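Tertiary structure, described
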Amino acid sequence: MNPLRLAQLEMFCAVVETGTVVAASRMLNCVASNVTARLRELEQLLGQDLFTREKNRLFLTPEGRLFHPRAKAVVDQARGLTDLFSEGSPKGVLTVGALDVALKTYLPDRVPRFLASAPGVEIRILIRPTDTLERMLMDGEIDLALTDGPIEHPMMSSAFAFCERLAIVLPKNQDILRSGQAVFLFNTDCLYRPYFEAWLEQGGVGGGLIHTIESYDVVLACVEAGLGISCIPQSVLSTLQAKRCEQVNVLYPEDLQGSDIYVVWREPSLGPLGQMFVKSLQALL
């Protein structure tokens, strides 16, 4: 069976509401013969008479009375869709993927500012590692990503967001690294883990067990207990309780690579909402 068309439903409802084909054609700004043809098509598609016809008058059949409220709901909903973006205020669903460091310190000051300026926008923020964010951008699963950069790709553009430094966290009574110490780090998909592992190897102070713990509080507790060392982003340390950080020794070696974090999008698909979000991020730089 051929699918119903919206024009057929609109003309059917117009005839019900106005009472005649001529009045319905005037309301819809079309010729009466067009209305008659669409009604016939609709009845043929449904395999059911919706009107009884007496001279120039149309009366709903019992089946027509059943069909009318359902058809009207579809027509009203379709009309509502055409008005969805007519109010002038931004509307849409914006999906942003971000590294954990961006979610902890960078976005909390900026997302509320953006939402206050665009109350009709629904925002979805996902935490993902770098490789996953790049794949999701390429597959169109997210609109923007906050990840390490800069990005050099013919299909992507980026803008600087913030610089992330890395801190070495040692037990309170220790101020130098020792070979063979245990290391407490986030999962292997963490952006900074390979930086730190390479730095340990280059400095000749590796060789210890590497524990994977996805909780900075637990990591700090282990370091505080003298069980080993860790590498934690500065932005994360700034969000932890000061008392907890006071129980460890924090160093910022100049030769330990950190990372610049960029907001990245796929070209040329960054629409007005994405542009608005990027501008709101840059407004606080």
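First things first, this report covers the structure right here in the doc. Computed from a predicted model, the values in this text were never measured in an experiment. (Residues numbered from 1 in each chain as written. Predicted model: local features only at pLDDT ≥ 70, side-chain atom pairs only at ≥ 80, totals over all residues. Heavy atoms only, no water.)

1. Let's talk about the side chain of Asn 249
Take Asn 249: it is sitting in strand β11 (residues 248-251). Note on Asn 249: relative accessible area 19%, which makes it buried. In this structure the side chain of Asn 249 is engaged in a polar contact, spanning 2.8 Å, whose partner is the backbone oxygen of Gln 174. Those residues in contact with Asn 249 that sit more than four places away from it in its chain are Ile 168, Val 169, Leu 170, Pro 171, Lys 172, Gln 174 and Asp 175. (Helix = DSSP H or I, 4+ residues; strand = E, 2+ residues; numbered from the N terminus. Buried < 20%, exposed > 50% of the residue type's maximum accessible area, 1.4 Å probe, protein only. Polar contact = N/O pair within 3.5 Å; in protein donor to acceptor, adjacent residues only side chain to side chain. Contact = heavy atoms within 4.5 Å.)

2. As for a negative patch on the surface
On the surface, a cluster of negative charge is made up of Asp 131, Glu 134, Asp 189 and Glu 214. Inspection of the secondary structure puts Asp 131 in helix α7 (residues 130-138). (Patch = residues over 30% accessible without salt bridge, like charges linked within 9 Å, V, L, I, M, F, W, Y side chains within 5 Å. Areas by Shrake-Rupley, 256 points an atom, 1.4 Å probe, with all protein chains shown as cover. Salt bridge = Lys/Arg side-chain N within 4 Å of Asp/Glu carboxyl O. Lys, Arg positive; Asp, Glu negative; His and termini not counted. Charge placed at Lys NZ, Arg CZ, Asp CG, Glu CD.)

3. A look at helix α12 (residues 272-282)
Along α12, the positions that sit buried rather than exposed are Leu 273, Gly 274, Phe 277, Val 278, Ser 280 and Leu 281. The buried side chains of α12 occupy one side of the element, clustering within an arc of 160° when seen end-on. Seen from the open side of α12, the exposed residues pointing more than 90 degrees away from its buried face are Pro 272 and Lys 279. Next to the buried residues of α12 lie β3 (92-98), α5 (100-106), α6 (111-117), β4 (121-127), β5 (144-149) and β12 (259-266). (Arc of directions from axis to C-beta.)

4. Description of the sheet that holds β11
Judged by pairing direction, the sheet is mixed, and its five strands sit side by side in the order β9-β8-β10-β7-β11 without closing on themselves. On the outer flanks of this sheet lie β9 (210-212) and β11, each paired with one strand and no other. Taken pair by pair, the neighbouring strands of this sheet meet at an average axis angle of 30°, ignoring direction. Here strand β7 (residues 166-171) pairs with β11 via four bridges, running antiparallel. Note that in β11 the partner of Val 169 across the bridge is Val 250. Taken strand by strand, helix α8 (residues 193-203) contacts β7, β8 (183-185), β9 and β10 (229-233), and its axis lies near 160° from that of β8. Those strands touched by helix α9 (residues 216-224) are β7, β8, β10 and β11, and its axis lies near 145° from that of β10. (Pairing = 2+ DSSP bridges. Axes fitted to C-alpha atoms, helices over the stretch in contact; angles between N-to-C directions.)

5. Description of the sheet that holds β4
Ordered by their spatial adjacency, five strands build an open sheet running β4-β3-β5-β12-β6, and the pairing between neighbours is mixed. The open sheet has two free edges, formed respectively by β4 and β6 (156-164), since each of these has just one partner strand. The mean inter-strand angle of the sheet, taken between neighbouring strand axes irrespective of direction, is 25°. As judged from the three bridges shared by β3 and β5, these two strands associate in the parallel manner. Considered in β5, the bridge of Val 96 is made with Leu 144. Most of the contacts of α7 go to β5, to which it runs at about 135°, and overall it touches β3, β4, β5, β6 and β12.

6. Describing a nonpolar patch on the surface
There is a patch of nonpolar side chains on the surface, built from Leu 81, Leu 84 and Phe 85 and spanning about 330 Å² of accessible area. Secondary-structure assignment places Leu 84 in the loop between α4 (62-82) and β3.

7. Quick notes on the packing of helix α1 (residues 6-18) against helix α2 (residues 21-28)
Contact geometry of α1 with α2 gives a least axis separation of 8 Å together with a crossing angle of 120°. Considering their axes alone, α1 and α2 lie oblique with respect to each other. α1 and α2 meet at a crossing whose hand is right-handed. For the pair formed by α1 and α2, the contact residues are Glu 10, Met 11, Ala 14, Val 15, Glu 17 and Thr 18 on the first element and Val 21, Ala 23, Ala 24, Met 27 and Leu 28 on the second. For the contact of α1 with α2, the class distribution of residues is eight nonpolar, one polar and two charged. (Parallel < 35°, antiparallel > 145°, perpendicular 65-115°, else oblique. Left-handed = near helix turned anticlockwise from the far one by under 90°. Nonpolar A, V, L, I, M, F, W, Y, C, P; charged D, E, K, R; others polar.)

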